[in-house]
Amino acid sequence: LAIAYNIQKFSASISYVHMTRWSYQNNVREGFALSEELGYDWNQFSFALGHTNSGAVLKANGQDSNFTFVNEDDSVAYLRAGFNF
């Protein structure tokens with residue numbers, strides 16, 4: 001699932017990926033990846049500030065949700081710069 005919105009030179013986006021995988025022993029493991037980004041275009045340059053977080057959907061006990069927007073152990077904040085030619 002991805003949502004993006006642009007207003008003139010500004011942009012905002014959010015993306016969520018849900019992953020399900022089965023082992024050969026028929027065990028199900030689920031994970032998620034969440035990212036948000038704010039961007040700005042200036043002439044031939046582009047800049048963005050973003051955050052991403054991923055992990056298992058359930059905690060180790062197999063029942064409680066492990067989904068959080070910000071996780072001190074797994075989150076990554078980033079700054080991106082680009083040049084268009």
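The numbering scheme is per chain: residues are counted from 1 as the chain's sequence reads. Under the rules for a predicted model, residues below a pLDDT of 70 receive no local features and side-chain atom pairs below 80 are neither given nor counted, while totals for whole chains, interfaces and linings still include all residues. Only hydrogens and water are set aside when side-chain values are computed; all heavy atoms of the structure are taken into account.

Novice: If you had to explain the overall build of the protein chain to someone new, which residues and values would you point to?
Specialist: Numbering of helices and strands starts at the N terminus; helices are DSSP runs of H or I of at least 4 residues and strands are runs of E of at least 2. Looking only at helices and strands, the protein chain features 0 helices and 5 strands. When the helices and strands of the protein chain are read in sequence order from the N terminus, they spell out β-β-β-β-β. All radius of gyration figures rest on C-alpha atoms, and the globule criterion is 2.2 Å times the number of residues raised to 0.38. Rg of the C-alpha trace for the protein chain: 17 Å, well past the compact-globule value of 12 Å for 85 residues, more than 25% over. By principal-axis analysis of the C-alpha atoms, the protein chain measures approximately 55 × 25 × 20 Å. When checking whether two residues touch, look at their non-hydrogen atoms; a contact exists if any pair is within 4.5 Å. The long-range fraction of contacts in the protein chain, counting pairs at least 24 apart against all pairs at least 6 apart in sequence, stands at 38%. The method behind every accessible area is Shrake-Rupley, applied with a 1.4 Å probe, and residues are considered shielded solely by the protein chains displayed. Carbon together with sulfur atoms contributes 58% to the accessible area of the protein chain, which is approximately 6900 Å² in total.

Novice: Can you break down the pattern of salt bridges residue by residue, with the values?
Specialist: A pair can form between side chains of opposite charge whenever their charged atoms are brought close. Salt bridges are defined as contacts in which a side-chain nitrogen from Lys or Arg sits within 4 Å of a carboxyl oxygen from Asp or Glu. Applying the stated criterion across every chain, the model contains 1 salt bridge. Measuring nitrogen to oxygen at the nearest pair gives 2.9 Å for the salt bridge that ties Glu37 to Arg80. Of the two residues, Glu37 is situated in strand β3 (residues 28-42) and Arg80 in strand β5 (residues 76-83); the sequence distance between them amounts to 43 residues.

Novice: I'd love a proper account of the packing of aromatic side chains, names of residues and values included.
Specialist: For Phe, Tyr and Trp, where Trp contributes only its six-membered ring, two rings pair if their centres lie within 6.5 Å, and the inter-plane angle classes them as stacked under 30 degrees, edge-to-face over 60, or tilted in between. Applying the stated criterion across every chain, the model contains 8 aromatic pairs. Residues Phe67 and Phe69 carry aromatic rings whose centres are separated by 5.5 Å and whose planes lie at 70° to one another, so their mutual orientation is edge-to-face. Measuring from centroid to centroid gives 6.3 Å for Phe83 and Phe85, while their planes differ by 25°, and the two rings are stacked.

Coordinates in, geometry out; function isn't part of it.
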